[in-house]
Structure formats: C-alpha cells, structure tokens
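# Structural characterization, general
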Amino acid sequence: MSSSPSSRDLSARDGPGGPVASPPGAPLWEAFPDVVETHISVIVFIADRAYKFLKPVRTAFLDHSTRAKRRWACHEEVTVNQRFAPDVYLGVADITAEDGRLLDHVIVMRRMPADRRLSRLLDDPETPAVLGSIAERLAEAHRQAPPVRRSGAGDRLQLRALWDAGLEQTARFAGEILDPDALALVDREAHRYLTGRGPLFDLRVAEGHVRDGHGDLLADDIFCLPDGPRILDGLAFDAELRVSDTLADAAFLAMDLASLSHAELGDEFLERHARALDDHFPPSLGYHYLGYRAFVRAKIACLAAEQGRSEKVPRAQELLALTESYLRRGRMRVILVGGAPGTGKSTLATALARECGFRLISSDVTRRGPRRSRSGGPGSAYRTGLYAPENTEAVYGAMLEQARASLGLGYSVVIDASWSRGEHRADAQRLADTCAADLVPLRCDVDPDIAEARIVSRLQRGDDPSEATVAVARRMRADFAPWPEARTLTTSGAAEHAVREAARVLGLDLPQPAWVTRDAPRSTGSPATVTSADSSAGAAPQLSGQD
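Residues numbered from 1 in each chain as written. Predicted model: local features only at pLDDT ≥ 70, side-chain atom pairs only at ≥ 80, totals over all residues. Heavy atoms only, no water.

A few words now on the overall build of the protein. If you tally the helices and strands in the protein, you get 18 helices and 15 strands. Considering the protein as a whole, with its 547 residues, one finds that 54% of them fall into the buried category. Sequence separation of 24 or more characterises 75% of the internal contacts of the protein that already satisfy a separation of 6 or more. (Helix = DSSP H or I, 4+ residues; strand = E, 2+ residues; numbered from the N terminus. Buried < 20%, exposed > 50% of the residue type's maximum accessible area, 1.4 Å probe, protein only. Contact = heavy atoms within 4.5 Å.)

Structure follows, in structure tokens:
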C-alpha cells in the first residue's frame, strides 16, 4: 500500500478496520495518545494505527540521512516484516506540505494492544505455550527461506567481522558506560572461540542453516493475540545482517528473555525452535550466539545513552555482563577424568558429559569399540599383552584425535582414562592449546577397598569394557605419577555429588537447559559402571591398551 496524504489527513487513511479519524477540530498532535522513541525512529500511535517515522540519522550500521534513503528504508521494512505479520504492516504513506511539497515518508501499521506484548506477559502461566507458537512461527519462516551459501554469509569470518565492528563501535564507551576490563574479556573470549571452530561454521553453512531471518527478535516487539502471535520490527536496514544462522536468529529472543529475568523461558524457546527445525548443534554455539546477541543490545543501549537517554546506561552494563556470562559458559573444554581402576571415573565422566552436553570419549570403549563388551576373562598382566606400552600409546593417540575432531565441531569433550602418566597429560594440554580450549583435569579417588570391591563386581558381571583386575589396579596406584594440577574428587558417595562438584569446577550450573543436553551421550549398565559411550564422536579404532 502506498498513498500520499497531507499532514492534516494522515490519521484518516483507510485500511483494514476502516478509516481512523482524529477528534473533530483537534490538532493532530493533541490526538496522540502515545509516542515511542528509539535511537533511529519515532512511532506515533493514533487510535488503531501506528505511524513509524525514521529519524534522519547516520550511524555505523545504517544511513537514513536523506529523504530518498528513508523512503527506501520504509518500503524495505514493510516488505521484510510482512513475512512475519502481513496484517500489521499496511504500507508506506507520503507526508506532504499544504502546498503539495513531499516532506517525508512514514510506515503505516495496524496498532497492537500494548497489554499483549510478550514482555508484559512473562509471568503469565500461559506464556510457555505461547512461546511454543512463536518458536513454530519463526521456524516456519526459516523453513520457507532458502539456504544462503554464498561466500561470507553466516560463516566464521563474517561473525568475526561483526564482533570486530561492534567492539570498535563500543570502544568509545569504555570507562564512561562500559567496564574496560569486561570489554577486553569479551574481545578475548569471542575471538578465542572463533579461532578453533572453523569446521563447525563450515558445516553449518553446508547443511543449510544460514538463511534470511528476522534479525532483531525482542519480547517488546511480539504481541500475543488470541489468533496467534504477531512478530514485528524485523531488521530491514541491512539484509546482510539479517542473514545468519537460524540458531543465531532464535538466540536473540532467548537472550532478551534472559535479560528480563526469565532465562527459563528463553531456554524453552530455544529448545522449541531447535526441535521444530530438527536442528542439532553443540551447546557452545548456542552460548556463543546468545553472547553475541547480548553484546549487540549492549551496543544499542550505549548509542541510546549517547543520545541523552541516561536510563539506558545500567541496561548497557547489564547486557555486557550477560555477554560475558554466556561466553564463559560457551568456552571450549577438554576435561580429563582420571584415576586408578575402580575409582568411579567412568561413572563420573559419563554423567558429567550427559548433564553438560559434552562428548564422551572413553579409553575402554576406544580400546574395544563402541559396541563390544569385554572379551571374557581377566585382562593381561600390568603393562604386558593388551596393556603393553605401545598399545597404551595407540589408545591415547586415538582418543586425542577424536577430541580434536569434536572440538573443531564445537563440542567440549570429557575423556575418561586413567591419565596416570605425565606425558599423556602433556599431550592433552598441547591439544587444548591448539584447539583454543581450556584443559580441566579431574582426578577421582576412593578408598582402595571400595575400588577393589567394584573391580571384582564388574569382572564377575562381565558386562564392562574395562579389563583391569585388582592386581593391575594395585600396580597402577603405586605407579601413578603425581598430578598436583588436578582437582581431586572423592567418589565414594552418590555419583550426583561428584557431578555437581565437577560442574562447579567448570563454572556451570546444574541442571543445564534442555537445548544443551538434548544430544548428550547416554550410558547403560549399573550405577557403578559404564558400558557404553557416545558413538557420535566417530567410529573408534579397535585398539588395545591400559586405560
């Protein structure tokens, strides 16, 4: 729709629902019941219409400085947003002077009821169900948009450039609005993650996850009506910014809900959107996109504060803190869970991987294969036969290669092995450094009598891939190289206690959201042992060696 009303009769243009008129004899501005201002626009509400005027501003990311540019931007905004709310975005009107001169342009919209904003309904018991509808609506828009596979769209280098641009634009606010140390940490964490995740971003592009989306999904711009949600205010001024990973698009609303003290709703939304698209992604990628979206909003709050809106200063600071929190949670980790046989390391490793959404790599499973149990009978003597040093080296080498592949794809890893020798730990440290990941060593310990009772029990059952005997366990305890850098966890009690302590060491809260753990490895067998591991880490070679 496009029309050219004068400034006097703008409020009386026809549209769905009929004409809208000002009170008889009243100047237009006296009929304004509400005006909302952002850093780039002013929205005037008159009866059942909303008129959005673009400010004549130029920023680092948009240029509305001329009438012709504002006209293009108005039409582009209507086109973009009719994908999500066709009955809300009615068209663009021209504003003319009394003498007919063209003054400017305005986006004409159907007015939404303010009390039905999602941001005002977060404590409503019906909101989780409504969020499901919003997730489905966004997922449907993503499905309808064709994959974008052109060079630079949604890949790692583009995301790095966006981080760099945002950091450059916020640098002038360091010290006045934003904490310089927090900005420096965000810079380091964002670039460190991107450094080692090339295969992940290449895979996301190749699998078709990069598409034209909404680009700026916020709870204030979603209206929950009886006949379904209306999603407004999609990013229109730069199509390149709107094209992104579908996960990044959904992360905007999830982050916004968290910033409004409803992280549980954001997590539910992210899970529902991923389920609707059957999207499987590493938790680190979700946290990274959440952090990026929080940083974008922190930058916007700084720009608004610069325009005189002092109430945005604490908002910018809160959003930067949220950025930092997300990036910390999304850090890549190589977690070594070690100890002598029978100390419960496999139980802890499997439970930790499951609860945190990490990939599990097991020396026992690597030695025998993911679907093969123990071959029968006790294992070889200590450091002979199956436990010969060359076989041990092969097992550790294979585990680290599995870890390297998983880290490149964004999955932190839990490596379950004895880690009794210093040279193997040094190899793991080199891997972590190469892959821009943190090395977190955890050593399980328990009274030797308890450990030996566990070993006897599992050998009698014959359902565990470990072949270590009591004699082997005693020799390994005696030969275990000092490991002062490891955090020692006592595993004599319930497994969940050790898991919670390990999560605290990692700086993670339990339970993790469903979108984090939906692809986590599952274990089978008795509570004291582990008989399977995550096969998604890749087919393990059939090797033998001491764990």
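Let us now look at the sheet that holds strand E11 (residues 333–338). Ordered by their spatial adjacency, five strands build an open sheet running E12-E13-E11-E14-E15, and the pairing between neighbours is parallel. The two strands at the open ends of the sheet, each matched to only one other strand, are strand E12 (359–362) and strand E15 (487–490). Between one strand and the next, the sheet's axes are offset by a mean angle of 25 degrees, whatever the strand orientation. Sheet analysis places E11 next to strand E14 (residues 438–445), joined by six bridges and oriented parallel. From the neighbouring strand, valine 334 faces E14, where its bridge partner is leucine 439. (Pairing = 2+ DSSP bridges. Axes fitted to C-alpha atoms, helices over the stretch in contact; angles between N-to-C directions.)

Moving on: the pairing of strand E13 (residues 413–416). Residues of E13 alternate between two faces, with Val413 and Ile415 on one and Val414 and Asp416 on the opposite face, all of them buried. The sheet contact formed by E11 and E13 spans four bridges and is parallel. Directly across from isoleucine 335, in E13, lies its bridge partner valine 414. In this sheet, E13 lies alongside E12 in parallel orientation, the contact comprising four bridges. Following the sheet pairing, isoleucine 361 is matched in E13 by isoleucine 415.

Glancing now at the pattern of salt bridges. Considering all chains together, one arrives at 36 salt bridges under this definition. The partner of arginine 275 in a salt bridge is glutamate 271, with the nearest N and O atoms 3.5 Å apart. Here arginine 275 pairs with glutamate 271, and both are found in helix H8 (residues 263–277), just four residues apart, close to one helical turn. For arginine 275, a relative accessible area of 46% gives the class partly exposed. Its relative accessible area of 9% is what places glutamate 271 among the buried residues. Through salt bridges with shared partners, one network takes in Asp87, Arg110, Asp227 and Arg230. (Salt bridge = Lys/Arg side-chain N within 4 Å of Asp/Glu carboxyl O.)

This part is about unusual backbone geometry. The peptide bond linking leucine 510 to proline 511 adopts the cis configuration, its omega dihedral lying at 0 degrees. Inspection of the secondary structure puts proline 511 in the loop between helix H17 (495–506) and helix H18 (514–517). Backbone geometry at aspartate 233 places phi at a positive 60 degrees, although glycine is not the residue there. Mapped onto the elements, aspartate 233 comes out in the loop between strand E9 (228–231) and helix H6 (239–242). We classify aspartate 233 as partly exposed; its relative accessible area is 23%.

Of all six residues that make up strand E4 (residues 49–54), five are buried, and the element is covered over most of its length. Where strand E3 (residues 41–46) lies against E4, six bridges are found, and the strand directions are antiparallel. Note that in E4 the partner of phenylalanine 45 across the bridge is alanine 50. Linkage of E3 to E4, two consecutive antiparallel strands, is achieved through a turn of two residues, within which alanine 47 is found at a positive phi near 50 degrees.

It is worth spelling out the side chain of glutamine 512 at this point. Assignment of secondary structure puts glutamine 512 in the loop between H17 and H18. Looking at glutamine 512, its side chain comes within polar contact range of the side chain of tyrosine 287, at 3.1 Å. A distance of 2.6 Å separates a polar side-chain atom of glutamine 512 from the backbone oxygen of aspartate 509. Residues in contact with glutamine 512, not counting those within four places in the same chain, are Tyr287, Glu355, Cys356 and Thr517. (Polar contact = N/O pair within 3.5 Å; in protein donor to acceptor, adjacent residues only side chain to side chain.)

For helix H1 (residues 67–81), which comprises 15 residues, the first-to-last C-alpha distance of 21 Å matches the rise-based estimate of 21 Å (1.5 Å per residue) to within 8%. Where H1 is concerned, the buried positions are Arg70, Ala73, Cys74, Glu77, Val78, Val80 and Asn81. Projected down its long axis, H1 shows its buried positions confined to an angular sector of 165 degrees, all on one face. In this structure, H1 carries Ala68 and Thr79 as exposed residues pointing more than 90 degrees from its buried face. (Expected span 1.5 Å × (residues − 1). Arc of directions from axis to C-beta.)

Turning our attention to the environment of arginine 156. By secondary structure assignment, the location of arginine 156 is in helix H3 (residues 156–170). With relative accessibility at 23%, the residue arginine 156 sits in the partly exposed group. In this structure, the C-alpha to C-alpha distance between arginine 156 and proline 199, residues 43 residues apart in sequence, is 9.3 Å.

Core analysis: the biggest nonpolar cluster contains 93 residues, and Leu118, Trp163, Leu253, Phe269, Leu290, Ile415 and Trp419 have the highest contact counts within it. Looking at this core, the element that brings in the most residues is helix H9 (residues 283–306), giving 14 residues. Look past the residues within four positions of leucine 253 in its chain and what remains in contact with it is Leu118, Leu131, Ile134, Leu217, Leu218, Ala219, Ile222 and Phe269. Formed by 20 residues, the second largest nonpolar core is a distinct cluster that contains Ala349, Leu442, Ala498 and Leu508. (Core = buried A, V, L, I, M, F, W, Y, C linked by side-chain atoms within 4.5 Å.)

This is a description of form; function is not addressed.
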